[in-house]
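So the chains spell out like this:
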Amino acid sequence: PTIRPMRVLFVTHFYLPEGTAGVEVYTHTLARALQAVGHEVRVVCATQWGRGARHWNGALSDVYEGVAVERLAFNWMLAPRPLDYLYDNPVAAAQCRQLMEEWRPDVVHITSCYTLSASVIEAARALDVPILLQLHDYWFICPRHTLLRWDDTVCAEPVTAADCQRCMLGDAKAYRW
């Protein structure tokens, strides 16, 4: 049977060659494999994370080893509400939605939301684009991504927002004060 070529938009936190960890390598390997069997692939990710004069510093388009990449430049620390924007970034949602409207993917495959925020899920849902969400870490339930506390003990019981805040501050001087 013949497989109908699809347009697959990957959403990930960073992408090669800037980010070189497991999720980036996995996303790139899968994107290339899908291209090899005839599918069209694009990637959207963050770049210049924590750098730039403003929260939103524009988009950079490039091609890495045959994969089209849209890199969204954010300085997350300059967002109007930085901690809220880590989970719900309306600027990232608008940029991803625009890309989806223009390119019309058949599916959005999310391998990580942590730089673009979970708002990209809502952007795809608003356009009725099917979503494949692949969990590589615990970002949706743990701001450290690992379910490990600052002191490397396992976080296994239900926690409150205050517990998470204490954990994120860990042994920081500000917390000790």
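Refer to the structure printed above.
Residues numbered from 1 in each chain as written. Predicted model: local features only at pLDDT ≥ 70, side-chain atom pairs only at ≥ 80, totals over all residues. Heavy atoms only, no water.

Enquirer: Quick one: what's the story with the overall build of the protein, residue by residue and with numbers?
Expert: Scanning the protein from terminus to terminus reveals six helices and six strands. Relative to a compact globule of 177 residues, whose C-alpha radius of gyration would be 16 Å, the protein shows 17 Å and is just as compact. In terms of overall dimensions, the protein has C-alpha extents of about 60 × 35 × 30 Å along its principal axes. The buried share of the protein, reckoned over its 177 residues, is 37%. Within the protein, contacts between residues at least 6 apart in sequence are counted, and of these 63% link residues at least 24 apart. (Helix = DSSP H or I, 4+ residues; strand = E, 2+ residues; numbered from the N terminus. Rg over C-alpha atoms; globule rule 2.2 N^0.38 Å. Buried < 20%, exposed > 50% of the residue type's maximum accessible area, 1.4 Å probe, protein only. Contact = heavy atoms within 4.5 Å.)

Enquirer: Let's hear about the nonpolar core: which residues, and what values?
Expert: Grouped together as the largest cluster of nonpolar side chains are 22 residues, with contacts concentrated most on V44, V108 and L116. The leading source of residues in this core is helix 3 (residues 90–103), at five residues. Not counting residues within four places of it along the chain, the set of residues in contact with L116 comprises V11, T12, V44, C45, A46, L72, F74, N89, A92 and C96. One finds F10, A31, V43 and V67 within the second-largest nonpolar core, a separate group that totals ten residues. (Core = buried A, V, L, I, M, F, W, Y, C linked by side-chain atoms within 4.5 Å.)

Enquirer: Just give me the short version of the sheet that holds strand 4 (residues 67–74), but keep the residues and values in it.
Expert: An order of 3-4-2-1-5-6 is seen for the six strands of this open sheet, with the pairing classed as mixed. The sheet terminates laterally at strand 3 (56–64) and strand 6 (131–133), the two strands that pair on one side only. Shown here is a sheet whose adjacent strand axes are inclined to one another by a mean of 20°, direction ignored. The sheet contact formed by strand 1 (residues 7–11) and strand 2 (residues 40–47) spans five bridges and is parallel. By the bridge assignment for strand 2, R7 is matched with E40. Helix 1 (residues 22–36) contacts strand 1, strand 2, strand 3, strand 4 and strand 5 (107–110) of the sheet and is inclined by roughly 175° relative to strand 1. Packed onto the sheet, helix 4 (residues 119–126) meets strand 1, strand 5 and strand 6 and runs at close to 155° relative to strand 6. (Pairing = 2+ DSSP bridges. Axes fitted to C-alpha atoms, helices over the stretch in contact; angles between N-to-C directions.)

Enquirer: For the packing of helix 3 against helix 4, give the residues involved together with the corresponding values.
Expert: Direction vectors running N to C along helix 3 and helix 4 enclose 35°, while the axes themselves pass 8 Å from each other. The hand of the helix 3/helix 4 crossing is right-handed. Along the contact surface, helix 3 presents A92, A93, C96, R97 and M100, while helix 4 presents S119, V120, A123, A124 and A126. Of the residues assigned to the contact of helix 3 with helix 4, the class counts are eight nonpolar, one polar and one charged. (Left-handed = near helix turned anticlockwise from the far one by under 90°. Nonpolar A, V, L, I, M, F, W, Y, C, P; charged D, E, K, R; others polar.)

Enquirer: So, helix 4: which residues are in play, and what are the values?
Expert: For helix 4, the set of buried residues is S119, V120, I121, A123 and A124. Close packing links the buried residues of helix 4 with strand 1, helix 2 (82–87), helix 3, strand 5 and strand 6. One or two residues past the end of helix 4 sits D128, with phi positive at roughly 60°.

Enquirer: Tell me about the packing of aromatic side chains, and please be specific about residues and values.
Expert: All chains considered together, the criterion is met by seven aromatic pairs. Judged by centre distance (5.0 Å) and plane angle (45°), the ring pair of W56 and F74 falls under tilted. Of this pair, W56 sits in strand 3 while F74 sits in strand 4, and the two are 18 residues apart along the sequence. The exposure class of W56 is partly exposed, given its relative accessible area of 25%. When its relative accessible area of 0% is taken as the criterion, F74 is described as buried. Relative to W139, the ring of Y87 lies with its centre 4.6 Å away and its plane at 15°, an arrangement referred to as stacked. One end of the pair, Y87, is in helix 2; the other, W139, is in the loop between strand 6 and helix 5 (161–169), and 52 residues separate them in sequence. With a relative accessible area of 5%, W139 lands in the buried category. Chaining the aromatic ring pairs together yields one cluster made of F14, W49, W76 and Y114. (Phe/Tyr/Trp six-rings, centres within 6.5 Å; stacked < 30°, edge-to-face > 60°.)

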